[in-house]
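Reading the structure
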Amino acid sequence: MFKKEILQNQKKILDLKLIKRNFEINEIIDVLHLNKIIALIWPRRAWKTFLSFQIVKELIDKNLIEIENIVYIDFSGILNKNIDLEELENNYFSLFPDKKPFFIFDEIQELNDFPTKIISLLNKWYKILITWSNAHLLSKEISTILRWKVYTKEIFPLDFKEYLKFNNINFSKNDLILNKAKYKFEFNNFLKWGGFPEIVLSKNEIVKENILKTYLDIMIYKDLEDKYNIKNDYVLKFFIKRVLATFSKELNINKIYNELKSQNIKISKDSLYNFYSYLDNIYLISNLSNFWSQIKWIKKTYLIDVSFANLVWNDDLWKRFENFVYLEIKKKYKDIFFLRKNYEIDFYIPTKQKYIQVVYSLNYENVEKETKYLAKQKWEKVLLYFEKEDNLIIPDWIKLIDFSDFIFH
């Protein structure tokens, strides 16, 4: 049954021309030695299949596997959800009796009783990589159902360096410094349209807009309504638009509740809090807590991809830039907070004893405001900017970081 598909997919991987993403293959290599299932999770349309193939190609290039080891199966395209993986295993060995399979299962949640079937393969010390859409299966769920024999890795849409690569733009740190005008244009375009590969590769703004609307309609509304059995479509859409409109700021759910109440729409605050958690679960948003607050729902909201801000016509560059910085530091640090009492600091990283204030354009009008809040803090103080006016006087106790230094750090 699977022989033809195994061979076809091996050829497909070999023949595929990839634009490589900035992915640390050594992390995957380390996990492969631990007899754990590698699970890649991401929002929809982040090109998970292509990244899986990139991982395979890099492992082949490093002589760690051969193409004959690969058994790639996409379960989203298979009607029979009761497939016996032992049959797949036997089909593989009939083709390659002297090899050992490396199983790659795409959209694994489509296979009935997949935890039992996969662990059975893992117990034979086969290498296994799985992917799925977080809209159907949450990362916290996968660890439990696979008995903690899994290593999860989050994958996000393209960052700015990947955006340049996908647009065939050669770049280095010196390029960013010497040709700032060119890269300012490209960066502002990235802040507008984000990093979903299909949108990055499209050159037509009408096409970009239509793709983005499709993402929201199918990825968000349908996924949310299917997974969480949400019946009130109007309230869900209203809530999502309000969340998108307030990204990079604290979300006031009580205010949204009162807005709905003024429209004579009955819904509990608990339901709205649940909606907010659902948006986080399906990778539409991420959020930060106030380090100084004990109130659970005081959070700042950020978008997993800033392109979603276009759906509510939010063009504030400073908010988009802050969102960009958040996504970058989220990749490096686990515990991130913001600080707010009678003033606010954008990011606080306790494990590194570091404070980061973000400003898109640093100038004579805002330099005092942006620096005086940092003065109250006792650890490393960073002021991160994209552009600044010449001859600004910056206190020497502040570490001033230019955008080009930040993305190449």
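Before reading on, note that the structure itself is shown above.
Described in the following lines is the structure provided in the data block. All figures in this text were calculated on a predicted structure; none of them were measured in a lab.

Let's talk about the sheet that holds strand 9 (residues 344-349)
Spatially, the seven strands line up as an open sheet ordered 7-6-8-9-10-11-12, and their pairing is mixed. Looking at the sheet topology across the chains shown, the edges are occupied by strand 7 (299-303) and strand 12 (399-402). In this sheet, adjacent strand axes meet at a mean angle of 35 degrees when their direction is disregarded. Against the sheet, helix 14 (residues 269-281) touches strand 6 (285-290) and strand 7, its axis set at about 120 degrees to strand 6. Contacting strand 6, strand 7, strand 9, strand 10 (354-362) and strand 11 (380-388), helix 15 (residues 317-332) runs over the sheet at an angle of about 145 degrees to strand 10.

Looking at the packing of aromatic side chains
Inspection of the entire model under this criterion finds 40 aromatic pairs. One aromatic cluster is present, formed by Phe160, Tyr163, Phe187, Phe190, Phe321, Phe324, Tyr360, Phe386, Phe403 and Phe406 through successive ring pairs. Over the face of the ring belonging to Phe338 we find Lys300, whose NZ or CZ atom lies 5.5 Å from the ring centre. Above the ring of Phe247, the side-chain terminus of Lys319 is found at 4.7 Å from the ring centroid.

Topic: helix 1 (residues 3-15)
For an α-helix, the turn length of 3.6 residues means that residues three or four places apart are oriented alike. Between its terminal C-alpha atoms helix 1 stretches 19 Å, which fits the 18 Å expected from 13 residues at 1.5 Å a residue. Listed as buried for helix 1 are Ile6, Asn9, Gln10 and Ile13. Seen end-on, helix 1 carries its buried residues on one side only, within an arc spanning 105 degrees. What points out from helix 1, more than 90 degrees from its buried face, is the exposed set Lys4 and Lys11. Where helix 1 is buried, its residues contact helix 3 (48-61), strand 2 (70-74) and helix 4 (85-95).

Focus on the pattern of salt bridges
Under the counting rule described, the total for this entry stands at 16 salt bridges. Here Lys153 and Glu27 are joined by a salt bridge, their closest N and O atoms 2.9 Å apart. Note that Lys153 is positioned in strand 5 (residues 150-154) and Glu27 in helix 2 (residues 25-32), a separation of 126 residues in sequence. Two residues, Lys192 and Glu205, come together in a salt bridge whose shortest N-O distance is 3.5 Å.

Here we look at the packing of helix 1 against helix 4
Direction vectors running N to C along helix 1 and helix 4 enclose 65 degrees, while the axes themselves pass 9 Å from each other. Between helix 1 and helix 4, the crossing angle belongs to the class labelled roughly perpendicular. For helix 1 against helix 4, the interelement crossing comes out right-handed. In this structure, helix 1 uses Lys3, Ile6 and Leu7 to contact helix 4, whose residues at the interface are Leu88, Asn91, Tyr92, Ser94 and Leu95. Grouping the constituent residues of the contact of helix 1 with helix 4 by class yields five nonpolar, two polar and one charged.

The rules behind each value
Residues numbered from 1 in each chain as written. Predicted model: local features only at pLDDT ≥ 70, side-chain atom pairs only at ≥ 80, totals over all residues. Heavy atoms only, no water. Pairing = 2+ DSSP bridges. Helix = DSSP H or I, 4+ residues; strand = E, 2+ residues; numbered from the N terminus. Axes fitted to C-alpha atoms, helices over the stretch in contact; angles between N-to-C directions. Contact = heavy atoms within 4.5 Å. Phe/Tyr/Trp six-rings, centres within 6.5 Å; stacked < 30°, edge-to-face > 60°. Lys NZ or Arg CZ within 6 Å of the ring centre and 35° of its normal. Expected span 1.5 Å × (residues − 1). Buried < 20%, exposed > 50% of the residue type's maximum accessible area, 1.4 Å probe, protein only. Arc of directions from axis to C-beta. Salt bridge = Lys/Arg side-chain N within 4 Å of Asp/Glu carboxyl O. Parallel < 35°, antiparallel > 145°, perpendicular 65-115°, else oblique. Left-handed = near helix turned anticlockwise from the far one by under 90°. Nonpolar A, V, L, I, M, F, W, Y, C, P; charged D, E, K, R; others polar.

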